[in-house]
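Tertiary structure, described
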Amino acid sequence: MPEFIQVSVTDHVGIVTLNRLEVLNALNRQMITEIAAQLEAFDKDPAIRVMVINGAGRAFAAGADIDEMMTETPLSMERADPFADWDRLRRIKKPIIASVHGFALGGGFELVLHCDLIMAAETAEFGFPEVKLGVMPGAGGTQLLTRAMGRRKALAYILLGDTMTAQEAAHFGVVDRMVAEEMLHEETIRLARQLTKQPPLSVRLIKETVLRAEDLNLDDGLLLERKNFYMLFDSHDQKEGMQAFQEKRKPEFKGE
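Residues numbered from 1 in each chain as written. Predicted model: local features only at pLDDT ≥ 70, side-chain atom pairs only at ≥ 80, totals over all residues. Heavy atoms only, no water.

What about unusual backbone geometry?
Going by this rule: Strands are runs of DSSP state E lasting at least two residues, helices are runs of H or I lasting at least four, and both sets are numbered from the N terminus onward. The cut-offs for exposure are 20% and 50% of the maximum accessible area for each residue type, with area from a 1.4 Å probe on protein chains only; residues under the lower value are buried, those over the upper are exposed, and the others partly exposed.
The backbone of Asp11 shows a phi angle near 50°, a positive value even though the residue is not glycine. When you line up the elements, Asp11 lands in the loop between strand E1 (5-10) and strand E2 (13-18). The class for Asp11 is partly exposed, based on a relative accessible area of 44%. A positive phi angle, close to 55°, is found at Lys248, a residue other than glycine.

Shown next, in the form of structure tokens:
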């Protein structure tokens, strides 16, 4: 049984809830391992079509576990390879929604940025305070925030260690949707359920193609897009979707 997360399922939506209330869900290595393992399990489960990550209590996650890192050395970090589990998150094929309230700082913000869609409460705050501790983001923060908001804005926030409000995050394109805090869970589940009604194979290949667009030149990106487009014409869902369109009815997608 996981020690630091709670797991639930509703209507084809797999939910992972961060649950270290005494430290505002600060992320230690075991917690990241548990998150990665559960998301992988959801990814393999045909009954799950969308995943949600949220936080219990007063915050999403107020950073990494500083106590765990206090005595680390370069050699101990190299041996422990603490970022291997973060790499597992980037290989999840199904869409992941982050549902953020309170603080998402440091490693908590990095976990949010590993998700595909970000739903935030109007009162949420985001940031990388690592510079104030004499270090820097190490689980993808410098790369993912730069891709989300551009080099100059990302550099300013990371260098100064400032927090950004949900309004600022939405303005810069970091947050996809912002809602009142009391509506956060309801609106997150509503969005997740919308996604569960989409054809699963299309959703998976769209995610792959869009994420790879950041790394490929235009010609290679177009080749990948066309390959995935062609592949879908061998699926039941493509035939069902087009037939349903012709018959003016709702399609019944099976993920096949």
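Re the packing of aromatic side chains
So the rule is basically this: Aromatic rings from Phe, Tyr and Trp, with only the six-membered ring used for Trp, were paired whenever their centres fell within 6.5 Å, and each pair was classed as stacked if the ring planes differed by under 30 degrees, edge-to-face if by over 60, and tilted otherwise.
Counted according to the given criterion, the structure contains five aromatic pairs. Look at Phe109 and Phe126: their rings are 5.4 Å apart centre to centre, the planes differ by 50°, and that puts the pair in the tilted class. Taken as a pair, Phe109 in helix H5 (residues 107-113) and Phe126 in strand E7 (residues 125-127) lie far apart in primary sequence, 17 residues in all. Residue Phe126 is classed as buried on the basis of its relative accessible area, which comes to 0%. Ring geometry for Tyr157 versus Phe172: centroids 6.3 Å apart, planes at 70°, classification edge-to-face. Placement of the pair is Tyr157 in helix H7 (residues 151-160) and Phe172 in the loop between helix H8 (166-171) and strand E9 (177-179), with a sequence separation of 15 residues.

Section: helix H1 (residues 29-44)
Rule in force here: In this scheme, a helix's expected span is set at 1.5 Å multiplied by one less than its residue total. For this analysis, residues touch if any pair of their heavy atoms sits within 4.5 Å.
Look at H1: 23 Å from first C-alpha to last across 16 residues, which is about the 22 Å you get at 1.5 Å a residue. All of the buried residues in H1 are Met31, Ile32, Glu34, Ile35, Ala36, Gln38, Leu39, Phe42 and Asp43. The secondary structure elements touched by the buried residues of H1 are E1, E2, strand E3 (50-55), helix H4 (84-90), strand E4 (96-100) and H5.

Some words on the side chain of Ser235
In plain terms, the rule: N or O atoms closer than or at 3.5 Å make up a polar contact, with two conditions inside protein: a donor-capable atom paired with an acceptor-capable one, and, for residues adjacent in sequence, both atoms drawn from side chains.
By secondary structure assignment, the location of Ser235 is in the loop between helix H11 (218-231) and helix H12 (236-246). Judged by relative accessible area, which is 6%, Ser235 ranks as buried. A polar contact of 3.1 Å, which involves the side chain of Ser235, links it to the backbone nitrogen of Gln238. The residues touching Ser235, leaving out its near neighbours within four places in the chain, are Leu201 and Glu256.

Some thoughts on the packing of helix H10 (residues 200-212) against H11
Helices that pack against each other are described as a pair by the angle of their axes relative to one another and the distance between those axes. Applied cut-off: Orientation is described by lines fitted to C-alpha atoms, with helices fitted over the stretch in contact, and by angles between N-to-C directions that extend from 0 to 180 degrees. Here is the rule for angles: anything less than 35 degrees is roughly parallel, anything more than 145 is roughly antiparallel, 65 through 115 is roughly perpendicular, and the remaining ranges are oblique. Here the nonpolar group is Ala, Val, Leu, Ile, Met, Phe, Trp, Tyr, Cys and Pro; Asp, Glu, Lys and Arg are the charged ones; every other residue, Gly included, is treated as polar.
Contact pair H10 / H11: the axes reach a minimum separation of 10 Å and the direction vectors enclose 175°. The angle between H10 and H11 falls in the class roughly antiparallel. For the pair formed by H10 and H11, the contact residues are Leu205, Glu208, Thr209 and Arg212 on the first element and Leu224, Glu225 and Asn228 on the second. The residue makeup of the contact of H10 with H11, split by class, is two nonpolar, two polar and three charged.

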